[in-house]
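# Remarks on the overall topology
Spelled out, the chains give:
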Amino acid sequence: MFAVIKTGGKQYRVAANDLLKIEKVEANVGDIVEIGHVLAHGEGENVTFGAPFVDGALVTAEVVEQGKNRTVIAFKKRRRQNSRRKIGHRQLLTTVRISEILLGGAKPAKKAAVKAEAKAEVAADAAPKEAKAKKEAAPKAEVTAETAAAPLFKAPKGEPDDLTVIKGIGPVAAKDLAEQGIITFAQLAKLSDKDVAKIDEHMPFSADQIKDWREQAKELAKK
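What counts, and where the lines are drawn
- Residues numbered from 1 in each chain as written.
- Predicted model: local features only at pLDDT ≥ 70, side-chain atom pairs only at ≥ 80, totals over all residues.
- Heavy atoms only, no water.
- Patch = residues over 30% accessible without salt bridge, like charges linked within 9 Å, V, L, I, M, F, W, Y side chains within 5 Å.
- Areas by Shrake-Rupley, 256 points an atom, 1.4 Å probe, with all protein chains shown as cover.
- Salt bridge = Lys/Arg side-chain N within 4 Å of Asp/Glu carboxyl O.
- Lys, Arg positive; Asp, Glu negative; His and termini not counted.
- Charge placed at Lys NZ, Arg CZ, Asp CG, Glu CD.
- Helix = DSSP H or I, 4+ residues; strand = E, 2+ residues; numbered from the N terminus.
- Buried < 20%, exposed > 50% of the residue type's maximum accessible area, 1.4 Å probe, protein only.

Glancing now at a negative patch on the surface. The grouping of Asp-200, Glu-201, Asp-208 and Asp-212 at the surface amounts to a negative patch. Elements supplying a minimum of two residues to the negative patch: α5 (193–202) and α6 (207–222). Of note, Glu-201 is situated in helix α5.

What follows is the structure in structure tokens.
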């Protein structure tokens, strides 16, 4: 017997003892989870389809492992703008072993520790409320310390320069640099290769891009 289930926005064809990787389910290894979204089930050529789900059908699965998928890289570059961004993402996955395919309201042999869809929805709804409660309960000084990350450089006293004069630095880039303590031509001109590497690591600017700005800043700092 097989069944077609829906979980995490995806559909899977499963049978008993199948190992399957699905989007993360909040459960511990060894727990039994219930997946109630059964789109179809059948045996051989005899197939029953739901509308959209089959009434009384249920699939249970044992959690084997909690892990992550391979890293997916998203890279964006704009021509002649000296702009490039690189972002990585690893999807959280749960490996499960299909235990039973139950029909007609039958009860599972092993009691489920958690229902896959229900617990995921409850956790998603509860997360913002818990975060808000913790934020309100925490002292103001602690919240400020956690949320305000220290800038990469110490901004000098005095009036800042208009960094947008430098070719390749727009208002957004100038704001990002100011947030990291870089506000003058002199600062940009004095950046060491080590400083350039630090900016390349922590900000969406390439080392070549920063070196180009440094050379332009040296000329502007002389004026």
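The next point concerns the pattern of salt bridges. Scanning the model with the defined rule gives four salt bridges in all. Residue Lys-218 is joined to Glu-215 by a salt bridge in which the shortest nitrogen-to-oxygen separation is 3.4 Å. One end of the pair, Lys-218, and the other, Glu-215, are both in helix α6, three residues apart, so they sit about a helical turn from each other. Residue Lys-218 is classed as partly exposed on the basis of its relative accessible area of 34%. Owing to a relative accessible area of 41%, Glu-215 belongs among the partly exposed residues under this scheme. We note a salt bridge from Glu-219 to Lys-222, for which the minimum N-O separation is 3.8 Å. Within this pair, Glu-219 and its partner Lys-222 are both found in helix α6, separated by three residues, close to a single helical turn. For Glu-219, a relative accessible area of 47% corresponds to the partly exposed category. Judged by relative accessible area, Lys-222 falls into the exposed class, the value being 67%.

The values reported here are purely geometric and, on their own, carry no functional implication.
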